[in-house]
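Coordinates in review
As a plain string of letters, each chain reads:
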Amino acid sequence: MAERGLIIAIDGPAGAGKSTVARVVARRLGYLFINTGAMYRAVAWKALREGVPLDDAGAVGRLAGESLIELTGGVDSTRVLIDGRDITGEIVTPHVGQAASVVSTISAVRRALVARQQWMGRAGCVVMEGRDIGTQVFPDAEVKIYLDASPEARAQRRYDEDLARGLAVASLEEMKEQIERRDHSDKTRADSPLTQAEEAIYIDSSAMTVDEVVDRILEIAERREDRR
Ligand code: DC
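The following paragraphs examine the structure supplied in this document. The structure presented is a predicted model; accordingly, all values stated were derived computationally and were not measured.

**Observations regarding the sheet that holds strand S6 (residues 126–130)**
What the five strands build is an open sheet, ordered S2-S6-S1-S7-S8; its pairing is parallel. One side of each edge strand has no neighbouring strand; the edge strands of this open sheet are strand S2 (32–35) and strand S8 (201–204). Averaged over neighbouring strand pairs, the angle between their axes works out to 20 degrees when direction is ignored. Bridge analysis of strand S7 (residues 143–148) against S8 gives four bridges, and the strand direction is parallel. Residue pairing across strands places Asp148 opposite Asp204, the latter belonging to S8.

Quick look at the structure:
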């Protein structure tokens, strides 16, 4: 069997910089970039839109199984589609993020999305980011990174991002509280909680620039490739 390309799994809490960093790493390597949080957000968006209660595990699970979620476009122009409708701009709001955190606790939702993520990354040459990539989606990924940052640094980044997007911004203090609530729910849910995979390399990005984090991951990937 032909050897597949590298899989680079980047996990970590909200606001640690996973998407930004994963996108640049993918661009530099000519790899596919897959933001799995967008898939949970898409399910949450549809449940909200259809008035399906987020805590109705059966209904939200069915909705996830029946929906066609696509990530299209290149590294710098990723679009998120659900049932053919482009919802890229609609899923970035804090409201949808919070709802995504709720639907991501439903095992049937996770099963449906994890199976698709495994299919999307099956050929390798992919940078996939989320919460459970190194632990559940690709436990055999060659490169596993756990990207973290202090709650203060993450709140500041989310605050700046929301401002730049023209969204209504909460105060910095509220933002930090939201982040801490989300950390708690992502780390304590029963199914696939956010944890650092045993072999994952821990990077604290609080005081690092995007380029510094990217260079560190590229260095790790290069070393891993040499060992193959
Ligand atoms: O990374 P994000 O903020 O877009 O993720 C939204 C929510 O989706 C987050 O609260 C946890 C969940 N999620 C998950 O459970 N597993 C993933 N692989 C990605 C995201």
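**Brief notes about the packing of helix H2 (residues 37–50) against helix H5 (residues 107–120)**
Here H2 crosses H5 at 140 degrees, and the two axes come no closer than 11 Å. The angle between H2 and H5 falls in the class oblique. Seen from above, H2 lies across H5 with right-handed handedness. Where H2 abuts H5, its residues Met39, Tyr40 and Val43 lie against Val109, Arg110, Leu113, Val114, Arg116, Gln117 and Met120. Considered class by class, the residues forming the contact of H2 with H5 number seven nonpolar, one polar and two charged.

**Concerning the packing of aromatic side chains**
Note on aromatic pairs: each is described by the distance of the centres and the angle between the planes. For the structure on display, the rule yields one aromatic pair. Above the face of the Trp119 ring, Arg122 is positioned so that its terminal group lies 3.6 Å from the ring centre.

**Looking at empty space enclosed by the protein**
Per the stated rule, a full pass over the model turns up one cavity of 30 Å³ or more. Considering only enclosed or pocket space, the largest cavity measures out at about 50 Å³ in volume. As for the largest cavity, its lining consists of Ala9, Asp11, Gly134, Thr135, Lys144, Ile145, Tyr146, Thr195, Gln196, Ala197 and Ala200. Those elements that place two or more of their residues in the lining of the largest cavity are strand S1 (7–11), helix H6 (133–137) and S7. Sort the elements by how many residues they give to the lining of the largest cavity and S7 lands first, with three residues.

Calculation rules
- Residues numbered from 1 in each chain as written.
- Predicted model: local features only at pLDDT ≥ 70, side-chain atom pairs only at ≥ 80, totals over all residues.
- Heavy atoms only, no water.
- Pairing = 2+ DSSP bridges.
- Helix = DSSP H or I, 4+ residues; strand = E, 2+ residues; numbered from the N terminus.
- Axes fitted to C-alpha atoms, helices over the stretch in contact; angles between N-to-C directions.
- Parallel < 35°, antiparallel > 145°, perpendicular 65-115°, else oblique.
- Left-handed = near helix turned anticlockwise from the far one by under 90°.
- Contact = heavy atoms within 4.5 Å.
- Nonpolar A, V, L, I, M, F, W, Y, C, P; charged D, E, K, R; others polar.
- Phe/Tyr/Trp six-rings, centres within 6.5 Å; stacked < 30°, edge-to-face > 60°.
- Lys NZ or Arg CZ within 6 Å of the ring centre and 35° of its normal.
- 1 Å grid on protein atoms, 1.4 Å probe; cavity = no way out; pocket = protein on both sides within 12 Å on 5 of 7 lines; lining within 4 Å.
- Points joined across faces, edges and corners; volume = space filled by probe spheres on them.

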